[in-house]
Every structure is written in C-alpha cells, then in structure tokens.
Amino acid sequence: MVFTRRPAAVLTAIVAACAMAISLTACTTDANSQDTADDRTTVTSSAPGVVAMFTPSDGITLNQQTPLNKWAKLTPNLTKALTSAGFKKGDISHTTSDSLDKQSRAIQDYVVNHLSGSNTTDDAGIVISPDNITLLVAPVVEADASTRQYGDYVSQELSTADTAEGSDSTDSSDSSNSSDSSDSSTGSDSTDDSSSDASKTAGDSKNAAQAEAVDRLVSSLKLAKESGMHVVLMGNSIKGYKPDAFVRFSDAQAIGKLQAEKIVSKLELSKASKDNPKYIEVLMPYTAVDESGEASDSTFVQEAFRGIWQVLGAYYQKGVVESPSGTLNGNSTEDDWQSVAYDASKEGSTAKVLDARLAKADEHASPTRIDGIIAMNDYIASEVVTELDDLGYTGSAADINPQITISGIVGNITGKKDLSRSDVPDPIKSPEKDDSADSTDSADTQDDSTATDKTDKTKDSQWPLVTGYGAYVSNIPSIVNGKQWMTGIEDRQTLAENIAEACALLNKGQTLTSMSSVRNTEVGGKKKVPTISGPLLAVSASNLKVTLIDPGYISLADAGL
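Here is a short report on the structure shown in this document. Note that the structure is predicted; figures quoted are calculated from it, not measured. (Residues numbered from 1 in each chain as written. Predicted model: local features only at pLDDT ≥ 70, side-chain atom pairs only at ≥ 80, totals over all residues. Heavy atoms only, no water.)

**Things to note about the sheet that holds strand E4 (residues 92–97)**
In space, the seven strands of this open sheet follow the order E4-E3-E6-E8-E10-E19-E18, with mixed pairing throughout. Sheet topology places E4 and strand E18 (518–523) at the edges, where each strand pairs with a single neighbour. Sheet twist, expressed as the mean angle between neighbouring strand axes with direction ignored, is 30°. As paired elements, E18 and strand E19 (residues 526–532) share five bridges and run antiparallel to each other. Counted as the bridge partner of Val-518 is Ile-532 from E19. Of the strands in this sheet, strand E3 (50–56), E4, strand E6 (133–137) and strand E8 (230–234) touch helix H2 (residues 71–84), which is tilted by about 170° from E3. Its contacts with the sheet put helix H14 (residues 492–507) on E3, E6, E8, strand E10 (245–247) and E19, and the angle it makes with E6 is roughly 145°. (Pairing = 2+ DSSP bridges. Helix = DSSP H or I, 4+ residues; strand = E, 2+ residues; numbered from the N terminus. Axes fitted to C-alpha atoms, helices over the stretch in contact; angles between N-to-C directions. Contact = heavy atoms within 4.5 Å.)

Below is the structure:
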C-alpha cells in the first residue's frame with residue numbers, strides 16, 4: 001500500500017505544479033519574464049511597456065480666439081493612438097507643467113523613482129524594466145504674445161548658453177545705460193536707481209532659475225537614457241542634447257511657406273504678367289518688446305518671412321506681383337522682413353497698418369486693388385477681415401471662382417454635394433493697359449470707357465484672399481463664408497499615430513528605420529536624429545469637412561452650420 005500511494009502523491013504534486021505554471025503563464029502572456037530576488041517579475045520582452053508624457057499646460061484662455069494646435073488637444077489623440085498600438089491605459093501617464101522649473105523637477109522625480117525601485121510596477125504588479133519605458137517630453141518654453149497666436153507646437157530651442165549670454169548682455173546693457181544716464185544727468189533720482197537695480201536683480205534671478213531648470217532637465221534626460229529608458233522630444237529641442245527621436249511640428253518657415261504656396265496656386269501666378277500683375281500684401285506681426293521691457297527675439301518673424309520670400313520672391317522680381325504699399329519690390333530680399341513687420345502687441349495696430357498700406361488716392365477714389373493678404377495667423381486674419389469690410393471691400397474669396405457659391409460650400413460641408421471648379425479668366429493685360437480699342441469710333445470708345453471704369457471699380461473693391469494659420473474655432477465661420485480664404489493646422493491624428501508607433505518600436509529595442517514618416521535630421525546641433533514629421537494641412541471651405549469636421553477636430557456647430 002505504501003508503494004501504491006506514493007506514485008499517486010507524486011502525480012498529484014506534478015498536476016498541481018503544472019496548474020501553477022499555467023496560471024503564472026496566463027498572467028504573463030504578453031511578456032517573457034525573469035524572477036528577481038524579491039519575487040517580482042520584470043518585463044524583458046516585446047510587450048509595449050510604459051509611456052510617460054510630459055507637456056506644457058495650456059494656461060487660462062480668456063477668449064475664444066485660440067488655435068486648435070494646443071497640447072490639451074494633442075494628448076487625447078496620443079492616448080488613443082498608444083492604446084491602439086497595444087499600450088495599456090494604466091501604463092500611459094501624463095504630467096502637465098506651467099514652467100520649465102516644475103517640469104524638470106517632475107521628470108527628475110519620475111526617473112529617480114523608477115530607478116530606485118519605487119513606483120516601478122504596473123497594475124498587475126509587474127516590474128517595468130527601464131528599457132521598456134519611453135519618455136515623451138515637450139519642453140516648456142516661453143513664448144511671446146505674437147508667437148502664441150500660432151499655437152503650442154511651434155518649434156523652439158532651449159539653451160543654457162543662450163540664457164547665460166542673455167544675462168551677460170543684459171548686464172552690459174544696463175551698465176551702459178547707467179553710465180549714459182550718469183553722464184547726461186548727474187542729478188538722477190535715487191528712486192529710479194533703486195528701481196533699475198531691482199529690475200536688474202529680478203532679471204538676473206530669472207535667467208539663473210531658467211539656466212538651472214534647463215540643466216536639471218538635461219541631467220534627468222541623460223540619466224534616463226543611460227539607464228536604458230528612451231527619450232522622445234516633441235516640438236522643442238534642447239541645444240547640445242541628442243534624444244532617441246524628435247517630433248518636429250510646425251516651424252516659422254513652414255508656416256510662412258504654406259501660405260505663400262497656396263496664394264501662388266490660387267492666384268495662378270505662373271500665368272500672371274507684368275502688364276496685369278497681382279497685388280499682394282504681407283503682414284508680419286511680432287512683439288517688439290517682451291513683458292520685462294527687453295527687446296524680443298525676432299528669429300521667428302525672420303524665419304517666417306524667409307519661408308514666404310522663398311516662394312514669392314521670384315514673382316516680385318519678375319514684376320508679376322506688386323505690393324500696393326511698395327513695402328516689397330523686385331529688389332527686396334529675404335532679409336527685408338522689417339519692411340513688412342509691425343508691433344502687433346499694440347491694440348488696433350493691424351487695422352492701422354492695413355489702412356495705411358491700402359490708402360486711397362483720394363476720398364472719392366475706389367478702394368486700392370488687392371488680390372491677396374498673407375496675415376500669418378488667424379488672430380491677425382480676423383482683424384484683417386474686419387478692416388477690409390470697413391474699407392469698403394465686398395464679396396468673398398468664393399467670388400474668385402464664380403462656380404463656387406456660399407450655398408455650394410455649405411452643401412459640400414454638410415455632405416449634400418460636391419464642389420465643381422473652373423478657372424477664372426484673367427486677361428494678360430489689365431483693362432487700363434489695354435489699347436486694343438484705339439481704332440474704334442469715339443462713341444463706342446466712350447461707351448467702352450464707361451463700362452471699363454465700372455469694371456475697374458468692381459475689380460478694385462473685390463474681396464482679396466486672406467490667409468492665416470491655427471484653425472481658430474472663432475474663425476471657422478469666416479472660412480465657410482469666404483471672408484478668410486484659408487488657414488493651416490497640424491495633422492494631429494497622423495502625428496499621434498506615428499509617435500505611438502515609434503514608442504512601441506523603441507520599447508521593443510528596435511530602430512525607427514521602418515517608419516516612412518521618419519528621417520534623420522539635425523536637432524539641437526546633433527546630427528542624425530530620427531525625426532518624425534508630416535506636412536501641414538491647408539484648410540479652406542472646399543476641404544473643411546474632410547480636414548476638420550470628419551476627424552472630429554471641430555463640429556458643424558463650430559463651423560456655424
């Protein structure tokens with residue numbers, strides 16, 4: 001009996017062991033694993049792992065004039081794309097910060113906590129290995145009022161060196177100003193001196209804090225990479241730091257180039273002539289002085305104009321495009337951004353600038369002919385639309401293509417009909433330069449002259465193409481009715497899908513070479529950084545449904561329908 005019971009006991013033990021093994025395998029079907037000294041399981045396989053997102057907070061918006069290119073709009077797209085790529089919702093975290101100081105501390109705490117062993121398990125108690133963690137970081141950068149009008153994704157660069165240099169130049173400038181003041185007025189008020197010293201001290205303190213925050217951020221990201229984690233920077237680069245991948249959103253040059261290219265296409269500048277040129281004005285809004293009273297960085301506006309001039313420059317040089325105000329001409333270059341730039345921080349500045357550029361010859365004259373206005377962003381575009389109406393311009397962008405009516409546009413957006421288009425005939429010679437009627441009799445000439453005069457006045461007061469960027473919800477009705485011809489936006493959903501795919505590949509230890517949206521570029525001074533990017537979307541009434549409504553970016557109600 002003893003010998004017959006022992007095999008049964010052994011068999012029972014084997015069955016129990018197999019059941020435990022099957023149970024353990026069921027708990028870890030997504031990953032190969034190895035036991036650690038403290039009986040925890042560490043992920044070492046192709047499981048998607050963890051993604052931690054760190055983005056700037058959007059802040060408080062006091063009006064409805066805000067672009068769709070906001071971090072708060074992107075993160076839901078990212079979360080959805082990550083879950084579709086296989087990541088568990090519990091393994092996706094998101095932290096927002098309103099300053100670089102807070103963000104750098106949050107990232108430092110996250111990295112240190114995971115490397116020290118605390119907060120390193122998922123909901124199932126599985127320990128996450130560093131090489132299964134990707135940090136998605138959009139560094140917080142300070143943007144002036146005019147730059148914020150383009151949205152949150154405009155690429156900028158962080159640099160401790162620049163901060164230090166800014167501090168030095170501030171000291172030098174303050175010292176020089178103090179010396180000049182002393183030379184010119186020996187009786188300066190001691191209160192003014194105290195105020196100046198206090199301002200200088202505050203500026204130095206701010207610069208020092210910024211430099212410290214950048215250093216802390218860089219140190220934390222380097223520690224993360226050294227431990228095996230992956231770092232993907234979004235939007236803003238860091239000078240001298242090389243991430244595993246970079247997500248390039250819109251930059252100033254791309255925004256300017258997009259609007260110029262669409263103007264060229266719509267006005268068919270390739271068919272324009274010197275005898276019948278097109279008239280285009282370029283508005284370059286910027287903030288001349290920052291909140292601290294110091295001169296703002298003009299890099300953005302310079303790059304934006306460079307993008308515009310790379311497209312329009314040749315047409316000005318050929319004489320087929322003219323500026324009614326004369327601010328740009330055939331001798332202009334991409335360095336002449338200041339001729340079209342103005343301080344947009346002053347209330348009513350856009351209206352004043354446009355009024356001056358489109359000034360009538362006299363009070364009885366018809367409006368100055370203008371075919372297109374590059375307004376750069378939707379905030380400025382809305383001010384342009386208001387001023388054009390005040391100046392007496394009539395119609396809409398739909399009039400440039402007569403077969404497209406407002407009702408047709410609305411029908412297309414609501415899915416009732418497709419738009420049909422045809423080219424608008426435009427004579428090689430303008431009526432005032434056409435002398436083909438010289439041989440007609442005087443009566444016919446007089447009649448023709450009267451008809452031509454009416455045609456000229458109608459042409460002069462015709463509503464021009466107005467471009468912008470940001471896809472402000474408040475501007476969508478103006479796009480529907482043709483007052484603003486086009487705007488631009490990031491393709492958020494496609495970018496989110498590409499970012500999610502990159503995170504999954506990185507956590508599996510694979511390269512991004514298989515991704516068609518990735519190419520190596522220079523980022524922060526570092527070469528061969530895998531960079532995710534995509535073309536900007538140009539939005540007009542004709543494709544608004546496909547680009548904004550169908551993806552869920554806006555609703556029919558937002559479009560005023």
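**Some words on unusual backbone geometry**
For residues that are not glycine, phi is negative in most cases, and the peptide bond is trans in most cases. In this structure, Glu-268 takes a positive phi of about 50° despite not being glycine. Here Glu-268 falls in the partly exposed class, since its relative accessible area comes to 25%. The backbone of Lys-528 shows a phi angle near 55°, a positive value even though the residue is not glycine. Secondary-structure assignment places Lys-528 in strand E19. Judged by relative accessible area, which is 63%, Lys-528 ranks as exposed. (Buried < 20%, exposed > 50% of the residue type's maximum accessible area, 1.4 Å probe, protein only.)

**Structural notes on the pairing of E6**
The buried fraction of E6 amounts to five of the five residues, a majority that puts the element mostly inside the structure. In the sheet, E3 pairs with E6 via five bridges, with the strands oriented parallel. Bridge pairing in E6 places Phe-54 opposite Val-137. Bridge count for E6 against E8 is four bridges, and the pairing is parallel.

**Looking at the environment of Ile-255**
With respect to the helices and strands, Ile-255 occurs in helix H7 (residues 252–266). For Ile-255 and Gly-488, which are 233 residues apart along the polypeptide, the C-alpha to C-alpha distance reads 7.9 Å. Once you skip the residues sitting within four places of it in the chain, Ile-255 turns out to touch Tyr-150, Val-154, Ser-250, Phe-300, Met-376, Tyr-469 and Leu-536.

**Comments concerning the side chain of Thr-55**
The topology assignment puts Thr-55 in strand E3. Polar side-chain contacts of Thr-55 include one of 2.8 Å to the side chain of His-94. In this structure, Thr-55 is in contact with Trp-71, Thr-75, His-94, Thr-95, Thr-96, Ser-97, Gln-103, Ala-138 and Met-234, ignoring residues within four places of it in sequence. (Polar contact = N/O pair within 3.5 Å; in protein donor to acceptor, adjacent residues only side chain to side chain.)

**Structural notes on the pattern of salt bridges**
By the definition in use, this model includes 13 salt bridges. Here Arg-105 ties to Asp-101 by a salt bridge, and the two come within 3.3 Å at their closest N and O atoms. One end of the pair is Arg-105 and the other is Asp-101, both in helix H3 (residues 100–116) and four residues apart, which spans about a single turn. Among the residues examined, Arg-105 registers a relative accessible area of 40% and is labelled partly exposed. Using a relative accessible area of 30% as the deciding quantity, one classes Asp-101 as partly exposed. Between Glu-281 and Arg-357 there is a salt bridge, with its nearest N and O atoms 3.0 Å apart. A residue pair is termed long-range when its members are at least 10 positions apart, and Glu-281 in strand E11 (residues 278–282) and Arg-357 in helix H9 (residues 349–357) qualify at 76 residues. For the pair shown, Glu-281 and Arg-357 are each scored as buried. (Salt bridge = Lys/Arg side-chain N within 4 Å of Asp/Glu carboxyl O.)

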